[in-house]
Amino acid sequence: MHKRASVRCAAAIISLTVVFSGGAVAANAADSTTLTDIVLGVGSDDSQRNLAWYSSTDTAQVAQVSLASKVVDGVFPATATSFTATGGLTTSNEYNRFVTVTGLKENTDYVYRVGSEGNWSATSKFRTQDFDGDFNFLFFGDPQIGSSGNVANDTAGWADTLNVATSAYPDAEMLFSAGDQVESANSEPQYEAFLSPNQLRQIPFVATNGNHDVGSKAYEQHFNTPNVDRTAGAGSATGSGGDYWFIHKDVLFMNINSNSRDFTSHIKWMTDVVAAHGAEAKWSMLAFHHSIYSPAVHATDTDAVDRRNNLPTTISNLGIDVVLQGHDHAYARSYLIRNGQKADAAEVAGADSVVPGPGGVLYVTANSSSGSKYYGLQNKPEFWWLSVQNQEQVRNYTALEVTDDAINIKTLRSQANGAMAVNSLVDQVTINKAPETDTQELQVTVPKADAGEFGWSIDGTNALVDLGTATESGDHYAAVGTLNPIRVTDTRVAGPEWSISAQVSDFTSGSTSFSGKYLGWTPTVVEAGGGAVAGAKVESGFEGGNGLSVSSTLGSAATGHARGSAKLGAGLDLQIPMDATDGTYKATVTLTALS
């Protein structure tokens, strides 16, 4: 059985006190299983987290997860949800355990522990954030713990870079590795050192399979990657493999095992993933370890040339925006590259802002994040792809800030270099989303709904209706005419009820007069609209009744009527008693609107 370099458990650690750190181990007399190498990973989407750890014996294990708000007096909540772990024997004769935590809510603090009853790990904490919108994450090149020959120094550099980066970006939502976590693929002490920083239990870690990771199954056994397809970029009986993908905040991330040069399987896998999930994402990013547009010694390696000859056209055709890489232990940022060629001949070196057209892809190669190893720049003129290159032999990290319209990629020093302080800028570029070329956008502004209004007026300017000279008609004089039409307009949204009524005064001529009751009318709707209807006919009062001497309805509309305009009119019928004194008589019709 594999023996650890250090003992990390003791019965005295067992406690219900919540300590927000990770990696420590608990044991008791009933269960002496050692729990190590706990690492928090991404899930398929933002509502999930993957957990992985090692146990020294093949005992049943769970992960318990709870809202951090339920922790009282440091006691891990008894109501925590348990997730049963899977796993099996590892190449180091321990047992790996995988759990996918599901059902997480956004903007929530959680606590978790792993193990079994009576033998829990220390408690760790993580926080979910918004499930959509802007975010940033941190990208790290080749920690490769042990590469310098001094594991302690490499680990200290790795831990310091994580401290610097997560202090500068406290809301970082992922820690993304370019691969080569360790120098020796089967070295558990190196993995133990790599996984020792607490950030790896608090912020989801995204692992990439490097050439120093592939020579053992330990990579597969340490990292619980989502949606992994072991047949794409397959490993071997003794080596790790597989491609995987996940979606984080509308960004599709694909991670391929570039140790495998089975390009057919990679291309099919990427094509299938983009076909199935590309429409769910506003950006897409691809990661693999072996940089194909790098500045240092590996740029001319035969295997690098092979990848450079086989992958770029597919990457462009799939609409991938950014490719994250490592392997060459020097920083490089490419020009925008389409189908393996510079996409825009006019792009200048070191441009701080670029706008990719269709198929334009930006490739970033990360320098060492631990300081364990650096390669010098080749500075060859045939390296046409280099927009920016840098090698100062100080540790770097890269912060990617993602919005709907842009990705800002900022590479910073995590180690001072003379006057260039920690967190000073190595390079920065913003990728701005290009306008769509095969679509058009339509825009219209709908104003706030108008409350509308109700109004009426005499249609025209003639306020006099001349009934002419009355004529004898049996036992009375008669005169007829037509009321000047009334225009009524109602644009009120609710369509409330309205009516127009009229009442006529007495007819007068000097000192003589006769009653207005002798006038009658027959209302009509001259021009329909707005739900208007005519009022009832009113007979002249000559034979009886009050005629129009009392208020009568010319027209109206019921509640809920349509908005619009109508014109109301009326035929007038005046019957004058025979004893009326001759003369020219006038009366006034008073119109009243009610609503």
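What you see is a predicted model, and the numbers here were worked out from it, not measured in a lab.

A. Representation of the packing of aromatic side chains within the structure. A complete count under the given rule lists 25 aromatic pairs for this structure. Consider the rings of Phe140 and Trp158, whose centres lie 5.6 Å apart with planes at 85 degrees: the pair is edge-to-face. Taken together, the positions of Phe140 in strand β11 (residues 135-140) and Trp158 in helix α1 (residues 151-168) put the pair 18 residues apart, joining distant regions of the chain. Here the two residues Phe140 and Trp158 agree in accessibility, since each one is buried. Centroid distance Phe514 to Tyr518: 6.3 Å. Interplanar angle 55 degrees. Geometry classified as tilted. For the pair formed by Phe514 and Tyr518, the shared burial category is buried. The rings of Phe140, Trp158, Tyr191, Phe194, Phe205, Tyr219 and Phe223 are connected pair by pair, giving a single aromatic cluster. Just above the ring of Tyr335 sits the side chain of Lys342; from NZ or CZ to the centre is 4.0 Å. Directly above the ring of Trp283 sits Lys433, whose terminal nitrogen or CZ lies 3.8 Å from the centroid.

B. View of the pattern of salt bridges. A complete count under the given rule lists 15 salt bridges for this structure. A salt bridge links Glu173 to Lys249; the nearest nitrogen and oxygen atoms lie 2.8 Å apart. Pair noted here: Glu173 is in the loop between α1 and β12 (175-177) and Lys249 is in the loop between β14 (244-248) and β15 (251-255), with a separation of 76 residues, a long-range link. The pair formed by Glu173 and Lys249 is uniform in burial state, with each residue classed as buried. Between Arg492 and Asp490 there is a salt bridge whose closest N-O contact spans 2.8 Å. Each of the two residues, Arg492 as well as Asp490, counts as buried. A single salt-bridge network, built from bridges that share partners, covers Lys217, Glu220 and Arg230.

Criteria and cut-off values
- Residues numbered from 1 in each chain as written.
- Predicted model: local features only at pLDDT ≥ 70, side-chain atom pairs only at ≥ 80, totals over all residues.
- Heavy atoms only, no water.
- Phe/Tyr/Trp six-rings, centres within 6.5 Å; stacked < 30°, edge-to-face > 60°.
- Helix = DSSP H or I, 4+ residues; strand = E, 2+ residues; numbered from the N terminus.
- Buried < 20%, exposed > 50% of the residue type's maximum accessible area, 1.4 Å probe, protein only.
- Lys NZ or Arg CZ within 6 Å of the ring centre and 35° of its normal.
- Salt bridge = Lys/Arg side-chain N within 4 Å of Asp/Glu carboxyl O.

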